[in-house]
Amino acid sequence: RKSIKKLFKFAKKLGQGGEIRAFIKTVKPFTRSMRIIVGGWRWFEAAPCRRIEVGVEETMAFIGNRVSRMVARGGTDLLGLDVVLPFQRFLFRADYLSYPEAYHPIAVCVCLGILRAVSPFAASFQGSRVGRVLTRRFFSSAKNRWLPVQRIGDLNLLSDDCQEKDEANQTADLVIIARRVATALGKVQTSGDGNGDDGGKVVRQYEALRDEGFVQCGAGSGGYAVYQFRFKSTTILLHVTPYGPSITDVMPFYLVLEFETSVDIRQQKWANSLAPISSIQLQGPQVLEGYAYQGAFFSPHHFAELKTMYDKQLLAYEYACKKLPIVAKNTRHGGPPRDLPTLKTFLEAGKRSRKRKQNIREFNELQKVVRSVAREILASMKKEKKRGEGGDRLAPKGVILYFEGLDCSGKSSTGGLVQNALESSGYDVGMRQYNRPPTAEQRMRPWMDRFDVPGSSSILDLSETQEEDGEHIGLVWDRGPAGDFVYGNLNELSPEDKKKRYEEFLAFDRECREKDILFLKLFFVTNRDSIAKTLGKRLAQKKMARDLTTWLQACRSRGEVDEVSYEGLEAISAHIDPTDFVAFNQYERNLRIFSNFVMNTDTDENPWVVVNTGDRYAARKALMSSFREHLKQFQSRGQRCSPCLGPKPSLSSASPEAIGVDEMMKKKFKSSWRNSMIAWITLLALLVLAGTYGENTNWDRALIVGPTKYNISALLEGGSDDELANGNVVDDAKNKNVQNIDVDDGSGKEAKAAKG
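Keep in mind that what you see is a predicted model, and the values were worked out from it rather than measured.

A.B. asks: Hey, could you go over the overall build of the protein chain for me, with residue numbers and the actual values?
C.D. replies: What the protein chain contains, in helices and strands, is 26 helices and 12 strands. For the protein chain, buried positions account for 46% of its 756 residues. In the protein chain, once contacts between residues fewer than 6 apart in sequence are set aside, the share between residues at least 24 apart is 74%. Summed over all atoms, the accessible surface of the protein chain reaches about 40,500 Å², with 54% contributed by carbon and sulfur.

A.B. asks: How would you sum up the packing of helix 10 (residues 340–348) against helix 16 (residues 528–555)? Please name residues and give values.
C.D. replies: At a closest axis distance of 12 Å, the pairing of helix 10 and helix 16 adopts a crossing angle of 100 degrees. As far as their axial angle goes, helix 16 and helix 10 are roughly perpendicular. In this structure, helix 10 uses Leu340, Leu343, Lys344 and Leu347 to contact helix 16, whose residues at the interface are Gln541, Met544 and Leu548. For the contact of helix 10 with helix 16, the class distribution of residues is 5 nonpolar, 1 polar and 1 charged.

A.B. asks: Kindly report on the confidence of the model for the protein chain, identifying the contributing residues and their values.
C.D. replies: Summing up the model confidence of the protein chain, the mean pLDDT is 80 and the portion of residues at 70 or higher is 80%. Low pLDDT (under 50) marks residues 263–279, which in the prediction has 7 contacts with non-local residues, meaning those over four places away or in another chain. Below a pLDDT of 50 lies the segment residues 640–655, which in the model reaches 40 contacts outside its immediate sequence neighbourhood of four places, other chains included.

A.B. asks: Tell me about the sheet that holds strand 3 (residues 225–231), residues and numbers included.
C.D. replies: Across the sheet, which stays open at both edges, the 6 strands sit in the order 2-3-4-5-6-7 with antiparallel pairing between neighbours. Edge strands, defined here as strands with exactly one partner in the open sheet, are strand 2 (215–219) and strand 7 (296–298). Direction aside, neighbouring strands of the sheet carry axes that sit 30 degrees apart on average. Here strand 6 (residues 287–293) runs beside strand 7; their pairing, made up of 3 bridges, is antiparallel. Each bridged residue has a counterpart across the sheet, and for Tyr291 the counterpart in strand 7 is Phe298. On top of the sheet, helix 18 (residues 578–585) reaches strand 6 and strand 7; it is set at about 55 degrees to strand 7, its chief contact.

A.B. asks: How would you summarise the environment of Ser672 if you had to cite specific residues and measurements?
C.D. replies: Of note, Ser672 is situated in the loop between helix 21 (661–666) and helix 22 (673–695). Separated by 518 residues in sequence, Ser672 and Asp154 have C-alpha atoms that sit 6.6 Å apart.

A.B. asks: Can you break down the sheet that holds strand 8 (residues 398–405) residue by residue, with the values?
C.D. replies: With mixed pairing, 6 strands are arranged side by side in an open sheet as 1-12-11-8-10-9. With one partner strand each, in any of the chains shown, strand 1 (149–150) and strand 9 (428–433) form the two edges of the open sheet. Taken together, the 2 bridges between strand 1 and strand 12 (residues 609–612) define a ladder with antiparallel strand orientation. Paired with Val149 across the bridge in strand 12 is Val611. Lying on the sheet, helix 12 (residues 411–424) is in contact with strand 8, strand 9, strand 10 (473–478), strand 11 (517–525) and strand 12; it crosses strand 8 at an angle near 175 degrees.

A.B. asks: I'd love a proper account of the pattern of salt bridges, names of residues and values included.
C.D. replies: The full count for this structure, using the stated rule, is 25 salt bridges. Residues Glu53 and Lys143 are paired through a salt bridge, measuring 3.0 Å at the closest nitrogen-oxygen approach. With a gap of 90 residues between them, Glu53 in helix 3 (residues 51–93) and Lys143 in the loop between helix 4 (106–142) and strand 1 connect regions that are remote in the sequence. Asp509 serves as the salt-bridge partner of Arg513, at 3.3 Å between the closest nitrogen and oxygen. You can see Arg513 and its partner Asp509 sitting in helix 15 (residues 495–514), 4 residues apart, about one turn around the helix. By relative accessible area, Arg513 is classed as partly exposed at 32%. Relative accessible area serves as the criterion here: at 1%, Asp509 is assigned to the buried category. Several salt bridges converge on common partners, so that one network encompasses Arg42, Glu57, Glu58, Arg132 and Arg136.

Cut-offs used in this document
Residues numbered from 1 in each chain as written. Predicted model: local features only at pLDDT ≥ 70, side-chain atom pairs only at ≥ 80, totals over all residues. Heavy atoms only, no water. Helix = DSSP H or I, 4+ residues; strand = E, 2+ residues; numbered from the N terminus. Buried < 20%, exposed > 50% of the residue type's maximum accessible area, 1.4 Å probe, protein only. Contact = heavy atoms within 4.5 Å. Areas by Shrake-Rupley, 256 points an atom, 1.4 Å probe, with all protein chains shown as cover. Axes fitted to C-alpha atoms, helices over the stretch in contact; angles between N-to-C directions. Parallel < 35°, antiparallel > 145°, perpendicular 65-115°, else oblique. Nonpolar A, V, L, I, M, F, W, Y, C, P; charged D, E, K, R; others polar. pLDDT = per-residue confidence, 0-100. Pairing = 2+ DSSP bridges. Salt bridge = Lys/Arg side-chain N within 4 Å of Asp/Glu carboxyl O.

Right, here's the structure in full:
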């Protein structure tokens, strides 16, 4: 046993750096200090409302890094001392290995030393990740933030996802006025140039703002202008200036609104002038800055998200164009993209290698899930066909995919995975868009009658006489009944009339189940940061579409016989319009009305699936799992569905009375038992991690340690780590007159001792 300890000590010291250990010990304080500086900088640049979270996250990442190193070193030491070296001694004693002709034990010591040197570095990255993930999961669960997929009763409409603490309250006085200013300036940005080429009338800035009650009182160079606006017996100053460069040929405006503190009161009597000023009740900040673009007001943070994504997309497009000759040479498909799918593929070539590999990996994993779901549907179809007539259907003969939610929330791209799974399994899937209010003729008929269903244009009819043998039909609703409440006038109805609409929708839902039609209701939500990024991406794609149109027109000069089609590029340009920017300013209103409709039409038999696309990859994986659960529920018929792993929500529509928007917002959005359990478990894990670090850290050790001299002879003769740290190993070795020996000679002696 003593010989094994000596061999292990040699391998351990070799893993600690060997002859360069003094240099490593000198560098350690510097590397740790740099890590602390980087963590402090991340804390400093974080939003003020999230600095506590970022500070705890960086601290736990550092602790996780240190603990993982401790675990890696301890595991390696345990492996060498209790497994490898005893097994080597057994092989020597049993004469399975002959020393030194066929085997020399120094190889095992060197391998253990290398493993002990490398394993802490490999484990440190995972340790940092564990610390970060645990911290984020704790705060997300403790603050009841949105999950990738959940029930409507668990959706917290007062969470940080939709109520950013670092943004001005959306009901603040200056925010409301800023939206009016942005709407007026939007007319200036989207108006014609006045020369008759585009048929539009030019709108001057001062004219548009004058219609809103602003009076110009000053101007400066570079397009700078100052306006006054009377509000609640006080004056608001508006500073406007163009903020270049332009985005898709539209120039943004930089705005600053402030309450004027030096109000001119010369027209009032001095005795009555102070009372009205002191009694003014103002809501929100005294100064507000932001940007106006195409009728929408963006805070500095949201505009930075939009502009950054816009620039990234154009940069990827530029790099992809530079790589086009190489791609054309290798793949023989080097033509310019002509629609949105080919444009996305084209842009991948211009992204960085790391990002491109990540996108490819995530895409392949999602496609793997899609194929898995498609195989399950096909297996159900084959089993049903083999069984013959009789019994419940295993695969729905009709499927309605209802995509509803906020604009620019990724409804088509995320929900399209479910559509791909249906198409891969043999469904004939169609598309219906209900982005416009009903016509006068449609208003004369029942409300739900204008929404098409599989197999018929207006009625649920998929009987065996009208259905072809083995045919399965799917239909995608892009928007639907809930859109009439948000973008139509149904939200202005009385509570009794609203309740009738809800009952019509629920009756339609029950009829679908009776007709063996799977009605999958998806409600897409996201935060405003994600919406701003999507707007920037679509604006960049619109600019690319214009450039590609010029590109394809140049291709016609080669004398091609086939006519070049611009339909796909026109669809890209139409993918974003002014209504998307109007919806951005009405984010909270739209979210609450959508949520109110979903809450009043949610049932346990067929619940709504709320999909949070703030993290697209996580949302898509969770959505496919939820779709798989809905298929299982369809096959079980009558058993309770739990696609979102949650109990019956407390705010569900089980009550016969409809819930209004105001009543919904007055209710307390309590955290579910699942979130509470996760919060306690992650908190316990963080405490264990911090306790382990504190227990195994020598707090009395100096932060900066000078270099120390040592030799392997002293180490093999029994020098301890503490003695080495204090520099006593060399002195003890000199006092004992221990001779320096070669590594090979020492290892050979220990090998003979291990064999004997």
